[in-house]
Amino acid sequence: MPAEGWDEPFFREWKAARALESNSALESSRAPGALTPRTIGRSRARSRLAAARLGLGSGPAGRGLPVPALLVVGSKGKGTAVAAASWALSSRAGLRVGTITSPPLRSNRERIRLDGRPLTPAQAGALADRTAALLAALGPFDPAEGYLPPSGLFTLVGLAHLLEAGVQALVVEEGLGGLSDDVSLFDYDVVAATQIFPEHTDVLGGSLAAVAADLLGTITPATRAVIAHPAQPAEARERLAAQPAPVTEVQEEATIARTNLAVGLAAARALCEVRALTAPRPPQAHAPAQAQAPTPAQARAALSLPGRLSHHAHAGAEWIVDAAISPPGVRAALAHARAHLRPDFLVLAGFPDTKDVDACVDALGGREALFVGAGSDYLRYDRLAGRGAVLDTAQAVARAERTGRDVLTVGTMSFAGAVLTALDAPVGAWW
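Residues numbered from 1 in each chain as written. Predicted model: local features only at pLDDT ≥ 70, side-chain atom pairs only at ≥ 80, totals over all residues. Heavy atoms only, no water.

**Quick notes on unusual backbone geometry**
Argument step 1. Of note, the bond from S102 into P103 is cis; its omega dihedral lies within 30 degrees of zero at -5°.
Argument step 2. Within the secondary structure, P103 sits in the loop between β2 (97-100) and β3 (112-114).
Argument step 3. Although it is not a glycine, L309 sits at a positive phi angle of roughly 55°.
Argument step 4. Looking at where L309 falls in the secondary structure, it is placed in strand β9 (residues 308-314). (Helix = DSSP H or I, 4+ residues; strand = E, 2+ residues; numbered from the N terminus.)

Rendered as structure tokens:
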């Protein structure tokens, strides 16, 4: 399969469903700022059939995975936690680790990783062919029953690929939701929850309570340990308190990123404990076995995490790219930029209607900003347009380049990825 458009099979049913919805009377009557009506949903039954055809799921309920596995859910910080857990299990515990993460930055090859490295082009092409064959075997989807989502297909096909590659542990990130996502087809030894807030309410439910219930619904009787971010809302705390598995809340670190790294490191340690694996060690080869486990600072120094306050020299200026999509995240990114960029730095901000747009823009504190609509083929920017003109990524980057000023970009992962692509920044191996 050619490199261009290699991932088409993963998006085939989702695009067909969106095309049917866009032709509906509901879409034509959508008010500005309102979310696109979703009349065709994801099909859990179809996902179960796909998993079975891929040979996934063991035990009486078909929910078992053959190697130790941990799952990361939450509204923000999941990718950072997943990278930290994968690094600790691979580089520090000496395991062959498979990772499923979402969304990617520059290529969907990044969604499936072995020991921190994304799929090769050849592997990606082979998995795309396998996905196309899977869809053909399942037959056309029925809009009344739902479709196979891209995140679900990457999860299922990715798990099959990684298990066939002989991984000794799995680190899985939910794609969109918990119970409503295909990650919930399986049981996990450890579930880690980064911070939860009202996001994707059009898919996960109309309230914070519904979002928390969906994400934390992935904790099952088979779960032996739960790791939690310290800054959880009451709705999530109530759910966590009711879990039979022991819940460990990590300590808040000096920065948002380091707290998420702490969640991932704690999850890796918990997996080692409950499955009697070799515990992660500090980076020093000479460190005694009883030495303290790796710290968030050590993980941050070891990991390459583009889009998480990453610095890039470009066109004679310094660019900081951060996937901040909450008011605290935006404020933290601004503080970081003030400490590292020239005082007149420009902000590029991409907040779609699925985020708390007004609060995120207000968090900029009146700073000069260009508004950007990345991923506009599947995201709406009506609320941001109410604040000013919304440019596409290429227009915004070109305008920022012409100013010669340093730049901070904040917004979704898809926006961070579009900026990193424009800067031609490397996004390959995590370590």
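**Concerning helix α8 (residues 208-216)**
Argument step 1. The buried fraction of α8 amounts to seven of the nine residues, a majority that puts the element mostly inside the structure.
Argument step 2. Inspection of α8 places L208, V211, A212, A213, D214, L215 and L216 among the buried residues, and these make up the whole buried set. (Buried < 20%, exposed > 50% of the residue type's maximum accessible area, 1.4 Å probe, protein only.)

**Things to note about the pattern of salt bridges**
Argument step 1. Tallied over the full model, the rule gives 15 salt bridges.
Argument step 2. With a closest N to O distance of 3.7 Å, R42 and D181 form a salt bridge. With R42 in the loop between α2 (25-28) and α3 (44-53) and D181 in the loop between β5 (169-173) and β6 (190-193), this residue pair connects regions lying 139 residues apart in the sequence.
Argument step 3. One salt bridge connects D187 with R63, and the closest N-O pair in it is separated by 2.9 Å. Placement of the pair is D187 in the loop between β5 and β6 and R63 in the loop between α3 and β1 (69-73), with a sequence separation of 124 residues.
Argument step 4. The exposure class of D187 is partly exposed, given its relative accessible area of 22%. (Salt bridge = Lys/Arg side-chain N within 4 Å of Asp/Glu carboxyl O.)

**Here's the deal with the sheet that holds β2**
Argument step 1. Spatially, the eight strands line up as an open sheet ordered β4-β3-β2-β5-β1-β6-β7-β8, and their pairing is mixed. At either margin of the open sheet sits one strand with a lone partner, and together these are β4 (117-118) and β8 (247-249). (Pairing = 2+ DSSP bridges.)

**Observations concerning the side chain of S47**
Argument step 1. Topologically, S47 is positioned in helix α3.
Argument step 2. Here the side chain of S47 touches D182 through a polar contact of 2.9 Å, side chain to side chain.
Argument step 3. The residues contacting S47, other than those within four sequence positions of it, are L148, P149, L156, D182 and L185. (Polar contact = N/O pair within 3.5 Å; in protein donor to acceptor, adjacent residues only side chain to side chain. Contact = heavy atoms within 4.5 Å.)

**A few points about the pairing of strand β10 (residues 317-322)**
Argument step 1. Most of β10 is tucked away, with five of its six residues classed as buried.
Argument step 2. Here β9 runs beside β10; their pairing, made up of six bridges, is antiparallel. Its bridge partner lying in β10, S310 is registered against V321.
Argument step 3. The antiparallel hairpin formed by β9 and β10 contains two residues in its connecting segment, where A315 sits at a positive phi of about 50°.
Argument step 4. By the bridge criterion, four bridges tie β10 to strand β14 (residues 407-411) in an arrangement that is parallel. Bridged to V321 within β14 is T409.

**Side note on the packing of helix α5 (residues 121-138) against helix α6 (residues 150-164)**
Argument step 1. Between α5 and α6, whose axes approach to 11 Å, the crossing angle comes to 120°. Comparing the axis directions of α5 and α6 gives the class oblique. For the crossing formed where α5 meets α6, the hand is right-handed. Contacts between α5 and α6 involve Q123, L127, R130, T131, L134 and L135 from the former and L153, V157, A160, H161 and E164 from the latter.
Argument step 2. Across the contact of α5 with α6, the residue classes break down as six nonpolar, three polar and two charged. (Axes fitted to C-alpha atoms, helices over the stretch in contact; angles between N-to-C directions. Parallel < 35°, antiparallel > 145°, perpendicular 65-115°, else oblique. Left-handed = near helix turned anticlockwise from the far one by under 90°. Nonpolar A, V, L, I, M, F, W, Y, C, P; charged D, E, K, R; others polar.)

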